[in-house]
Amino acid sequence: MAIESMTGFARAAGTAGLHAWAWEIRSVNARGLDVRVRVPSGFEALAEAARKRLGAAFSRGTLHVNLSINSDARPAKPRINEAVLAGLLESVARLPASDSIRPASFDALLGIRGVVEIADEDEDVLAQLEAPLLAGLEAVVLGLKEARSAEGRALESVLTGHLASIGRLTDEAEQHPGRSVEAIRARLAMQVQALLDASPALDPQRLHQEAALLAVKADIREEIDRLHAHVAALRALFDQGGPIGRKLDFLAQEFGRESSTLCAKAGDAGLSRIGLELRTVVDQMREQVQNVE
């Protein structure tokens, strides 16, 4: 399973009758999943459907979802309520004839409220559009999934390159002659001798005891072992794939701590250079990890 990015964009559009619709989703980074949906008035049920579908498809990211619907303008069409008109005609027919009352005309009858209605062909727009809009929602979710997967493949390539650099620099630090016991002993001996030359009253035995403690603290074996372990753990996560962003972020922080400690312990110019380069690569990797779901 490949990793996915939290950034992406997708759009799905179509028509149904005289209505044109479009779904759009923009996805950006977030610590968790935040789905924000905007739909036209009367389509709130589709907003809930979108939240449920996106919640099932993604685990992290802020998703801005928008549904737009445009309808072609057309004049309203009149409709005669024939049942009401028939009832009126029957009632008029039952009235007694009178010279003072004129027969009812159609003009008069059509002017009575309820006989003529203004009907909208699409008065139930939601019922007409529900099926195509739900199909469009599925299409836009799949489109966003593909966009985030494509971005994830590019991210994995970049992160794999950073991981290779971290592994190489860790090997260089492990093999560097500056971290050997002899090199550490020689540096400390020079420092002890410099202190004795500057202050002859200092106790040489105490200085050598302190130098021995410093030699132990200067050993970067533990940091190198942890860096190797973190490299192996990160490779295993890449093989696992899926929503691993939080685990990647944790490991990136661990890389940062170990590289900082290595820099602090390095008493050799060559080791310091390796440590600084290692910290640079780790910082670059941490920036990219923030985009992984």
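Here, residues in each chain are numbered from 1, in the same order as that chain's written sequence. Owing to the predicted nature of the model, reporting of local features is limited to residues with pLDDT of at least 70; listing and counting of side-chain atom pairs is limited to 80 or more, with chain, interface and lining totals taken over all residues. With hydrogens and water excluded, all non-hydrogen atoms of the structure serve as input to the side-chain values.

## Focus on the overall build of the protein chain
Then comes step 1: By definition, any uninterrupted DSSP run of H or I lasting at least four residues is a helix, any uninterrupted run of E lasting at least two residues is a strand, and each is numbered from the N terminus. Secondary structure assignment for the protein chain yields 9 helices and 6 strands.
Then comes step 2: For the protein chain, the proportion of its 293 residues judged to be buried stands at 34%. Relative accessible area decides the class of each residue, using a 1.4 Å probe on protein chains only: under 20% of the type maximum gives buried, over 50% gives exposed, and in between gives partly exposed.

## Overview of the nonpolar core
Soluble globular proteins tend to pack their nonpolar side chains together in the buried interior.
Then comes step 1: Side-chain atoms within 4.5 Å link the members of a nonpolar core, which is a set of buried Ala, Val, Leu, Ile, Met, Phe, Trp, Tyr and Cys residues. Core analysis: the biggest nonpolar cluster contains 29 residues, and L159, I166, L234, L248, F255, M285 and V292 have the highest contact counts within it.
Then comes step 2: Mapped onto this core, the elements with two or more residues apiece are α4 (125-175), α7 (221-240), α8 (245-265) and α9 (269-289).
Then comes step 3: Tallying contributions element by element places α9 first for this core, with 7 residues.
Then comes step 4: Contact criterion: two residues are considered in contact whenever any of their non-hydrogen atoms come within 4.5 Å of each other. Excluding residues that lie within four positions of it along the chain, M285 makes contacts with L159, H162, I166, L234, A252 and F255.
Then comes step 5: One finds I25, V37, L63 and L144 within the second-largest nonpolar core, a separate group that totals 24 residues.

## Side note on the confidence of the model for the protein chain
Then comes step 1: pLDDT is a per-residue confidence score from the predictor, ranging from 0 to 100. In the predicted model, the protein chain carries a mean pLDDT of 84, and the fraction of residues at 70 or more is 81%.
Then comes step 2: Highest mean pLDDT in the protein chain belongs to strand β3 (residues 33-38) (97); lowest belongs to helix α6 (residues 204-218) (58).

## Quick notes on the pairing of strand β1 (residues 8-16)
Then comes step 1: Note on pairing: DSSP must find at least two bridges between two strands before they are called paired. Across 9 bridges, β1 lies against strand β2 (residues 19-28) in antiparallel orientation. The residue bridging A16 from the neighbouring strand is H19, located in β2.
Then comes step 2: Counted between consecutive antiparallel strands, the loop separating β1 from β2 contains 2 residues, among which G17 sits at a positive phi close to 65 degrees.

## With respect to the pairing of β2
The side chains of a regular strand alternate between both faces of the sheet.
Then comes step 1: Relative to strand β4 (residues 61-71), β2 runs antiparallel, the two being bridged by 10 bridges. In the strand pairing of β4, V28 is matched with T62.

## A closer look at the sheet that holds β1
Then comes step 1: The 4 strands lie next to each other as β1-β2-β4-β3, forming an open sheet whose pairing is mixed. Looking at the sheet topology across the chains shown, the edges are occupied by β1 and β3. Direction aside, neighbouring strands of the sheet carry axes that sit 10 degrees apart on average.
Then comes step 2: Inspection of the sheet shows β3 paired to β4 by 6 bridges, in the parallel sense. Bridging across to β4, V37 finds its partner in V65.
Then comes step 3: Axes, fitted as lines to C-alpha atoms, cover a helix only where it is in contact. Angles between the N-to-C directions of the axes lie from 0 to 180 degrees. Running over the sheet, helix α1 (residues 44-57) touches β2, β3 and β4 and is turned about 155 degrees from β3.
Then comes step 4: In this fold α4 packs onto β1, β2 and β4, with an angle of close to 155 degrees to the strand it touches most, β1.

## Observations concerning the packing of α8 against α9
Then comes step 1: Running from N to C, α8 and α9 cross one another at 165 degrees; their axes reach a closest spacing of 9 Å. When the interaxial angle is binned, α8 and α9 end up roughly antiparallel. Handedness of the α8/α9 crossing: left-handed. Of the residues in α9, those touching α8 at G245, L248, D249, A252, Q253, F255, G256, S259, S260, L262 and C263 are L271, G275, L276, L278, R279, V282, M285, R286 and V289.
Then comes step 2: For this classification, Asp, Glu, Lys and Arg are treated as charged, while Ala, Val, Leu, Ile, Met, Phe, Trp, Tyr, Cys and Pro are nonpolar and the rest, including Gly, are polar. For the contact of α8 with α9, the residue count by class is 11 nonpolar, 6 polar and 3 charged. Angle categories are assigned with fixed cut-offs, so that under 35 degrees is roughly parallel, over 145 is roughly antiparallel, 65 to 115 is roughly perpendicular, and the rest are oblique. By convention, the crossing between two helices is left-handed when the near helix turns anticlockwise from the far helix through less than a right angle, and right-handed when the turn is clockwise.

## Notes on the pattern of salt bridges
A pair can form between side chains of opposite charge whenever their charged atoms are brought close.
Then comes step 1: Salt bridge, as used here: a side-chain nitrogen of Lys or Arg that lies within 4 Å of a carboxyl oxygen of Asp or Glu. Going through the model one piece at a time under the given rule, you end up with 18 salt bridges.
Then comes step 2: E4 is the salt-bridge partner of R148, the closest N and O atoms lying 3.9 Å from each other. Of this pair, R148 sits in helix α4 while E4 is found in the segment before β1, placing the two residues 144 residues apart along the sequence.
Then comes step 3: Exposure remark for E4: the relative accessible area of 10% places this residue in the buried category.

## Quick look at α4
Then comes step 1: End to end, α4 covers 73 Å across 51 residues, agreeing with the expected 75 Å (1.5 Å per residue, within 8%).
Then comes step 2: At A131, α4 shows its largest kink, close to 40 degrees, and the proline P132 lies no more than four residues downstream. One fewer than the residue count of a helix, multiplied by 1.5 Å, yields its expected span. Two axes are fitted around each residue, one to the seven residues ending there and one to the seven starting there, and the angle between them is reported as the bend at that residue.

## Some words on the environment of G242
Then comes step 1: Inspection of the secondary structure assignment puts G242 in the loop between α7 and α8.
Then comes step 2: The class for G242 is buried, based on a relative accessible area of 7%.
Then comes step 3: Residues G242 and S149, spaced 93 residues apart in sequence, show a C-alpha to C-alpha distance of 9.9 Å.

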